[in-house]
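Observations on the three-dimensional arrangement
Listed below, chain by chain, are the residues.
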Amino acid sequence: PGGERRPAASVWERVELRCPHAPLQSPGMSWCLVGHEVSRRQMECPASPRPSGGKGGCQASTFLSLKPHIFAQLPLAELCCYFCTLPNSCLSLCFVSPGFHLSGTVTEPATATEPEMTYKVAISFDRCKITSVTCGCGNKDIFYCAHVVALSLYRIRKPDQVKLRLPISETLFQMNRDQLQKFVQYLITAHHTEVLPTAQKLADEILSSNSEINQVHGAPDPTAGASIDDENCWHLDEEQVREQVKLFLSQGGYYGSGKQLSSMFAKVREMLRMRDSNGARMLTLITEQFMADPRLSLWRQQGTGMTDKCRQLWDELGALWVCVVLNPHCKLEEKTCWLRQLRKWGDMDVCPLEDGNYGNELPNIANALRQSSNHSQDSLARPRRTVFTRAIEGCDLHWQDSHLQRIISSDFYVSPAYQREGESLLFNAQGQPLWLEHVPTACARVDALRSHGYPKEALRLTVAIINTLRLQQQRQLEIYKHQKKELLQRGATTITNLEGWVGHPLNPVGCLFLTLTEACRLEEENCLEVSDASDSKPPVYQHVPVVSGCQDRGESYLSLALEVALMGMGQQRVMPEGLYAQDKVCRNEEQIIARLQDLELDAVLVQTLRKQCILLLEGGPFSGLGEVIHRESVPMHTFAKYLFSALLPHDADLAYKLALRAMRLPVLETTAPPGDMTHPHHIVSVVPNRYPRWFTLGHLESQQCELASTMLTTAKGDMLRLRTVLEAIQKNIHSSSLIFKLAQDAFKIATPADNNSDTTLLNVALELGLQVMRMTLSTLNWRRREMVRWLVTCATEVGVRALVSILQSWYTLFTPTEATSIVAATVMSHNTILRLSLDYPQREELGSCARTLALQCAMKDPQNCALSALTLCEKDHIAFETAYQIVIDAASTGMTYSQLFTIARYMEHRGYPLRAFKLASLAMTHLNLAYNQDTHPAINDVLWACALSHSLGKNELAAIIPLVVKSVHCATVLSDILRRCTMTAPGLAGIPGRRNSGKLMSTDKAPLRQLLDATISAYINTTHSRLTHISPRHYGEFIEFLSKARETFLLAQDGHIQFAQFIDNLKQIYKGKKKLMMLVRERFG
């Protein structure tokens, strides 16, 4: 622990420190700690001067009261301080340090639940690296156990208390024969049970002249260290790494395993940043376990994709390998070895593909359809790209380019002044260096520089890439100006960016943004990073001027970060194929926007924002916000929503212009224009369907809706802007449910509970609601009734003119049933009248419109609207008569008996019994009741119709009985009607102008004689029908049925004779049913 001070480091930090107070011949001591953020500022040697008030006397009692996993999660600086304050009694250490080996006995004190434990610890080191550790605790983790770290820190913190010795071979060399014999005998005596067999064996071999041991000069010494030519690396328990990765994969993303694996990836990145050779070694171990995951074979066999969490882990794995192979200082042998291993993994059948879809190894169905004569057979099979393909391609990249070397090695690399005239591939007009390379590849270089601990070099290359992007943007804009007229006439454009940067496997936009913002981030004093993102505070940034050889720049890295993020997000790019690739575009876009929202927009950033937004609006094929875009271009809704919110306080006109431009979703407009073959594998997919396979279309439409809602909310009170936003919604949003949501949002904002309504926004809500009605009028929508009710509520809030308008144009908005039962009924309700505080002329106007609507609906759909029409027309005699006549006219054609009975009952309730009788008679003509339908729902209507006829008089009863006889064949129903008709005299309703005799009617005379005969006949027919399939368990029920039949027979004058003959016939016909006939004889003789 010398006086060297460096910035804070994170997990898997390699600490290489040599104590300046140790003897010069000491090989020194070092250690590796797996933990959280480590600050070296607090790690001074105890022998060096301490600050005033600091405590001395480090005690090795440090960590033994801590469990290993707890220890592994603590910051090293805190552990060192804790180590210095605990009393001596907490730990007992006995150690020896011969040569390159440190041994010790660590005693854990007893606790309330555990006894005192003693562990033997051994540490080997070589050239400032711990190369192996062993501990008696049996630690099964990739972290060093607490005992190993305690012994290491004690050696570092208290070098004067650890006696340093020469390697054991040097000590033995100084002994004479007697000393050597005494040494061996004492060693055997001290450990005779452990070493005596080995000692005897070695003695036998040494005494044998032909033994193998005598063929080699000298003897091994574990304390002497390795040869200078031997490779040395930090100790890494490979078996434990394999076991832990295998365990986390087996948990399938549950129990926080995904987070644990991500943490291991973060450790690899930190090891790369510290230039620890174990970084690639550990990544290889992780990859081997990923490739051995048994789920890969299962997913491949089933043709299904892996889970999102697993897919993201594979993406991170592939990106890490790109970083590894792009190490600017790796050896050729290492890169060759990695390339061989990556190809081996990539050639395996189970290796996941880059787009997350196992199915695309087959010829793409879109490509399989012949597009043009230029397509060859080779185009049918697209190249197989695995998650390792980009890393394999990265192995071909190098860092030897002189221009690249000058870019990353100096902030002041500019072109000579005399070369700044005209075009140049290496510098822009200002003399700043450019780096012309495939953008994601160039960004991968930046990520590799960052990951391998070269932040300044990464920053320099980032600036060169941004200067290149600026130049490309400028040139594309100039080209577009010359083609603008042609493109606007054609109404379509091609995709100039063949590969989108947002959602790209290498995350180029996020890489450049993070590189730039890290240079501007303010760190709190003495603040150590924590891994729990939920507790972390949002980052704070400051402007850091760009270091450049050009004196007139005046830019900051923070403004460049904003600029490159806007440039990348605004790139026009075609929607990729496959669910995962499309979902990744959305997810990456949201991640970048979340980082942009952490920036506090000051005057400098607002200027950058405005400038870039204007460029995006004026842009041609390179911009997703340009005037003309490709049909399958990725929509800009999410991005535009951020831009709108960010620009609104500073430039409202530009904010609205940009957001309105972004509202479009051309993939839903029409099919592909003829002759547009710029992206054939997408265009052909339109052939069997109207739209391509956009799996995230629902999410994209919801983002479009959110953008529109944001504009509606902010435009409240501004009639011109509201009208413009409304037109954009009506033109570009194609989902009725989303438009309905917008209408509801606008209505809610326009009608605050504690303030007056906003008329302009209310009218927008009504317009949107009317559009929804028209869109869903002829389609099935489970929310349709809710939509209709909401529209009436909205129109009521707008005013009486809106209600009159929807009543007059109902046929374009509602079905007849909706118009009468919901719309007109609600408009004419007492609550609506009170809510609007209408005067008499207004009420009359509404009533007239409602009655007109009711009659029109009754004419169009009498089955479902007749009753509602009658109800709405009650207060107007002419309209009521018209509605009644419509019902009469429709009764003989399209109306059912249940509808007619319902209207008939309504007529009786309203005091029109004769009209009710007429409707009931019409209903009876549509009814047919079989002999066994004694529980039919229409029975009550038949009984009511007969009771109504009976109450009106003998004539009405005589008119309806033939209809009943014709329609009803159920004996029990007929007998019930007959019984009711004989209990009271007809004509009790007291129709004006009619005389009522008050006499009971006889069953021997018309009209009841016909009913009686029909009832008797029904009983006879029913009896024979029931006896055909009767079972013994129904005998009792059948006897009761015959008893009721006898009661009906006896109503006739010769009824007893008829019944006796009937029973005799039964006995004769069904004499085979002896038991039943015996029961019949017992009851009826």
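Notes on the structure follow.

Analysis parameters
Residues numbered from 1 in each chain as written. Predicted model: local features only at pLDDT ≥ 70, side-chain atom pairs only at ≥ 80, totals over all residues. Heavy atoms only, no water. Patch = residues over 30% accessible without salt bridge, like charges linked within 9 Å, V, L, I, M, F, W, Y side chains within 5 Å. Areas by Shrake-Rupley, 256 points an atom, 1.4 Å probe, with all protein chains shown as cover. Salt bridge = Lys/Arg side-chain N within 4 Å of Asp/Glu carboxyl O. Helix = DSSP H or I, 4+ residues; strand = E, 2+ residues; numbered from the N terminus. Axes fitted to C-alpha atoms, helices over the stretch in contact; angles between N-to-C directions. Parallel < 35°, antiparallel > 145°, perpendicular 65-115°, else oblique. Left-handed = near helix turned anticlockwise from the far one by under 90°. Contact = heavy atoms within 4.5 Å. Nonpolar A, V, L, I, M, F, W, Y, C, P; charged D, E, K, R; others polar. Phe/Tyr/Trp six-rings, centres within 6.5 Å; stacked < 30°, edge-to-face > 60°. Buried < 20%, exposed > 50% of the residue type's maximum accessible area, 1.4 Å probe, protein only. Pairing = 2+ DSSP bridges. Core = buried A, V, L, I, M, F, W, Y, C linked by side-chain atoms within 4.5 Å.

Concerning a nonpolar patch on the surface
Taken together, the side chains of I168, F183, V184 and L187 present a nonpolar region at the surface, about 300 Å² in accessible area. Of the residues forming the nonpolar patch, the biggest block, three residues, is contributed by helix α5 (residues 177-190). Relative to the helices and strands, F183 is located in helix α5.

Overview of the packing of helix α23 (residues 652-662) against helix α25 (residues 697-714)
Helix packing for two helices is described by the angle between their axes and how far apart those axes are. For the pair α23 and α25, the least separation of the axes is 10 Å and the interaxial angle reads 150 degrees. Classed by the angle they form, the pair α23 and α25 counts as roughly antiparallel. Crossing handedness for the pair α23 and α25: left-handed. Touching Y656, A659, L660 and A662 of α23 are L707, M711 and T714, all from α25. Taken together, the residues of the contact of α23 with α25 sort by class into six nonpolar, one polar and no charged.

Here we look at the packing of aromatic side chains
Under the definition given, this model contains 16 aromatic pairs. With a centroid separation of 5.4 Å and 65 degrees between ring planes, the pair formed by Y413 and F427 is classed as edge-to-face. Pair noted here: Y413 is in the loop between α15 (402-409) and α16 (439-451) and F427 is in the loop between α15 and α16, with a separation of 14 residues, a long-range link. In this pair, the class of Y413 matches that of F427, namely buried. Ring centres 6.3 Å apart and planes at 55 degrees place the aromatic pair F1059 and F1062 in the tilted group.

Points about the pattern of salt bridges
Using the criterion set out here, one finds 39 salt bridges in the structure. When the shortest N-O distance is used, the salt bridge between E706 and K641 registers 2.8 Å. In this pair, E706 sits in helix α25 while K641 sits in helix α22 (residues 637-647), placing the two residues 65 residues apart along the sequence. Classification of E706 by relative accessible area gives partly exposed; the value is 33%. Residue R1026 pairs with E1037 through a salt bridge whose shortest N-O separation is 3.2 Å. Here R1026, found in helix α41 (residues 1008-1028), pairs with E1037, found in helix α42 (residues 1035-1049); they are eleven residues apart in sequence, far enough to count as distant. R1026 gets classed as partly exposed once you look at its relative accessible area, which sits at 25%. Because the salt bridges share partners, they merge into one network encompassing E238, E239, R242, R281 and E288.

With respect to the pairing of strand β5 (residues 117-125)
Taken together, the eight bridges between strand β4 (residues 101-108) and β5 define a ladder with antiparallel strand orientation. Each residue of the ladder has a partner; that of T105, found in β5, is K120. Sheet topology note: the β5/strand β6 (residues 130-135) ladder contains five bridges and is antiparallel. Within β6, the position partnered with I123 by the bridge is V133.

Topic: the nonpolar core
Ranked by internal contacts, the top residues of the largest apolar core, which has 203 residues, are L712 and F814. If we ignore the near neighbours within four places in the chain, the residues touching L712 are L722, V725, I729, L742, A746, L761, V764 and L768. Residues V241, C310, W321 and C351 belong to the second largest nonpolar core, which totals 48 residues.

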